[in-house]
Amino acid sequence: MATLLRYLNQQCVNFAQVLEDMSQHQRPSENNMMTAVCIDTPGGPESMLLRNVPRPQPEHGKVLIRVHATALNRADTLQRKGLYPAPPGESEVLGLEAAGTVASVGPGVRQCWRLGDRVMTLLSGGGYAEYVAVPEELLMSIPTHLTVYQAAAIPEAWLTAFQLLHFVAQVKEGEIVLVHAGASGVGTAAVQLVRLAGAIPIVTAGSSEKLQMAETLGAAAGFNYKHEDFAEKVSDFTAGRGANVILDCIGGSNWERNVACLATDGRWVLYGLMGGKTVTGDILGKLLSKRGQLLCSLLRSRSLQYKADLVRAFSERALPHFSDPTSSPCHLRPVIDSMFSLDQVADAHRHMEANRNTGKIVINVMNPQ
């Protein structure tokens, strides 16, 4: 009798599994699809469309993330216009960072990620979607006291700023670091990381409110580039010595003033071209006379190994400082300007392109359960 009962029980289990498999095949839109922001034709914010697309699967060494929030970056607006395509083999969906929970783990994953773990990650694309598959090397645990929305504001901006300061410029204690767009996502991160490195941050921004924000975060001085010559102000602040490091996302329109306020043997780090890419004049002669270095860097096109090394260094040297402010004398915090829902993504892009944001613009993709 016992043998018969075990046999019948096993048959019930098998039948239940068959029913579940049939159900999975009969409801592909529910189980294998997701909502994502798609672009059929490059253009303005209105060119972005919400659409059901196949959900990615975690391949070897990857983890599937259920995305709760992502955040905007200038690169997103360029990609939307057709000016900054995704690297070969990467998702065409916009979004360079995400925060959420582990949904499933692919084969070959070495770290002990568990379902439901709260994580944030750097991406080469795919953040404007309900799910994204990520190499495990790019995952970071969300600090316990941060919300998933705060976490979404960290990966791209903070890893970019950390990379520019430590991997590219190799900032040293006591140096003066000029941060352009000091109230942007990268700018607000850079100001805090400069302080953490024992250096002195000064910033440019386009309004008194943005300058005040940067100074609240630790900037020693701020200059309104719309109303004053920041090169003169930097010279005055440094008693004529100039800035040892310049973090520049502007480019062409700033080159003369950048070189003018660059210290001898200084490092001018270019990571964006918001002010144009065309330069005319004696840039090489002026740079040579100061023995200055022009260092150019992008993060998205870097190798997986480079990004993994960056994530590891950031996790060791900076991430612990996103702790309870009462427990860290060098507390770091992401600055969030505003939050939009996924179906408001066009409005979010308009907000960024109008330069109205101070800090990061976050998109609520999927409410945490």
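The model shown is predicted, which means the values in this text are computed figures rather than measured ones.

Asker: Would you take a moment to explain the sheet that holds strand S10 (residues 221-224) for this structure?
Answerer: Sheet strands pair by backbone hydrogen bonding; their relative direction is either parallel or antiparallel. The 6 strands lie next to each other as S10-S9-S8-S11-S12-S13, forming an open sheet whose pairing is parallel. Each edge of the open sheet is held by one strand with a lone partner, namely S10 and strand S13 (293-296). Pairs of neighbouring strands in the sheet enclose a mean axial angle of 20°, with direction left out of account. Relative to strand S11 (residues 243-248), strand S8 (residues 176-179) runs parallel, the two sharing 3 bridges.

Asker: How do you make sense of the packing of helix H5 (residues 155-168) against helix H11 (residues 304-317) when you look at a structure like this?
Answerer: The relative placement of two packed helices comes down to the angle between their axes together with the axis-to-axis distance. One way to put it is that H5 packs onto H11 with a least axis distance of 10 Å and a crossing angle of 90°. Overall, the two elements H5 and H11 adopt an arrangement that is roughly perpendicular. Judged by residue contacts, Trp-158, Leu-159, Phe-162, Gln-163, His-166 and Phe-167 of H5 engage Tyr-306, Asp-309, Leu-310, Val-311, Ala-313, Phe-314 and Arg-317 from H11. Residue composition of the contact of H5 with H11, grouped by class: 9 nonpolar, 2 polar and 2 charged.

Asker: Is there a simple way to explain the nonpolar core in this structure?
Answerer: Ranked by size, the top nonpolar core spans 94 residues in total, and within it Trp-158, Val-177, Leu-247 and Phe-314 carry the most contacts. Considering every element that reaches this core, the biggest residue donor is H5, with 8 residues. Not counting residues within four places of it along the chain, the set of residues in contact with Val-177 comprises Leu-165, Val-171, Val-194, Ala-199, Ile-200, Pro-201, Ile-202, Val-245 and Leu-247. Residues Phe-230, Ala-243, Cys-261 and Ile-283 belong to the second largest nonpolar core, which totals 17 residues.

Asker: Help me understand the pattern of salt bridges, please; the structure alone is not making it clear to me.
Answerer: Pairing between side chains of opposite charge can happen when the charged atoms of each approach one another. A full pass over the atoms with the stated rule returns 10 salt bridges. In this structure, Arg-51 and Asp-40 form a salt bridge, with 2.9 Å as the shortest nitrogen-oxygen distance. One end of the pair, Arg-51, is in strand S2 (residues 48-54); the other, Asp-40, is in the loop between strand S1 (33-39) and S2, with 11 residues separating them in the sequence. Between Arg-114 and Asp-117 there is a salt bridge, and its shortest N-O distance comes to 4.0 Å. Taking the relative accessible area as the measure of exposure, Arg-114 reaches 56% and is therefore exposed. The network of salt bridges with shared partners includes Arg-80, Lys-81 and Glu-353.

Asker: Looking at this model, I keep getting lost on the environment of Val-311. Mind explaining?
Answerer: Position of Val-311 among the secondary structure elements: in helix H11. Linking Val-311 and Pro-155, residues 156 residues apart in sequence, is a C-alpha distance of 8.8 Å. Once residues within four sequence positions are removed from consideration, Val-311 is found in contact with Glu-137, Leu-138, Leu-139, Met-140 and Leu-159.

Asker: Just checking my understanding: could you explain the environment of Ile-176 for this structure?
Answerer: Position of Ile-176 among the secondary structure elements: in strand S8. Separated by 68 residues in the primary sequence, Ile-176 and Asn-244 place their C-alpha atoms 5.3 Å from one another. What Ile-176 contacts, discounting residues up to four positions off in sequence, is Ile-200, Ile-202, Phe-237, Thr-238, Gly-242, Ala-243, Asn-244 and Val-245.

Asker: Which parts of the structure should I look at to understand helix H6 (residues 185-196)?
Answerer: Residues separated by three or four positions in an α-helix point in the same direction, a consequence of the helix having 3.6 residues per turn. Its 12 residues place the ends of H6 17 Å apart at the C-alpha level, agreeing with the 16 Å of an ideal helix rising 1.5 Å per residue. Of all the 12 residues making up H6, 10 are buried; the element is thus mostly covered by neighbouring parts of the structure. The complete set of buried residues in H6 reads Gly-185, Val-186, Gly-187, Thr-188, Ala-189, Ala-190, Val-191, Gln-192, Leu-193 and Val-194. Packed against the buried residues of H6 are H5, S8, strand S9 (200-205), helix H7 (208-217), S11 and strand S15 (360-364). N-capping of H6 is provided by Ser-184, with a side-chain oxygen placed 3.0 Å from the backbone N of Gly-187.

Cut-offs used in this document
Residue positions within a chain follow its written sequence, with the count starting from 1. Where totals are concerned, whole chains, interfaces and linings use all residues; where local detail is concerned, this predicted model gives features only for residues with pLDDT of at least 70, and gives and counts side-chain atom pairs only at 80 or more. Where side-chain values are given, they derive from all heavy atoms of the structure, hydrogens and water being excluded. When DSSP finds at least two bridges between two strands, those strands are taken to pair. A helix here means a DSSP run of H or I that spans at least four residues, while a strand means a run of E at least two residues long, and both kinds are numbered starting from the N terminus. Where helices are involved, their axes are fitted lines through C-alpha atoms of the stretch in contact, as for all axes, and angles between N-to-C directions lie from 0 to 180°. Small angles under 35 degrees read as roughly parallel and large ones over 145 as roughly antiparallel, with 65 to 115 read as roughly perpendicular and the rest as oblique. Any two residues having at least one pair of non-hydrogen atoms within 4.5 Å are treated as being in contact. Any residue that is not Ala, Val, Leu, Ile, Met, Phe, Trp, Tyr, Cys, Pro, Asp, Glu, Lys or Arg is counted as polar, Gly included; the first ten are nonpolar and the last four charged. Put simply, a nonpolar core is a bunch of buried Ala, Val, Leu, Ile, Met, Phe, Trp, Tyr and Cys residues held in one set by side-chain atoms that sit within 4.5 Å of each other. Note on classification: 1.4 Å probe, protein chains only; a residue is buried when its accessible area is under 20% of the maximum for its type, exposed when over 50%, partly exposed between these limits. A carboxyl oxygen of Asp or Glu within 4 Å of a side-chain nitrogen of Lys or Arg is what we treat as a salt bridge. Expected span, for any helix, means 1.5 Å times one less than how many residues it has. Whenever a nitrogen or oxygen atom comes within 3.5 Å of another N or O atom, the pair is scored as a polar contact, on the condition that within protein one atom can donate a hydrogen and the other can accept it, and that pairs from neighbouring residues in sequence are kept only if both atoms are in side chains.

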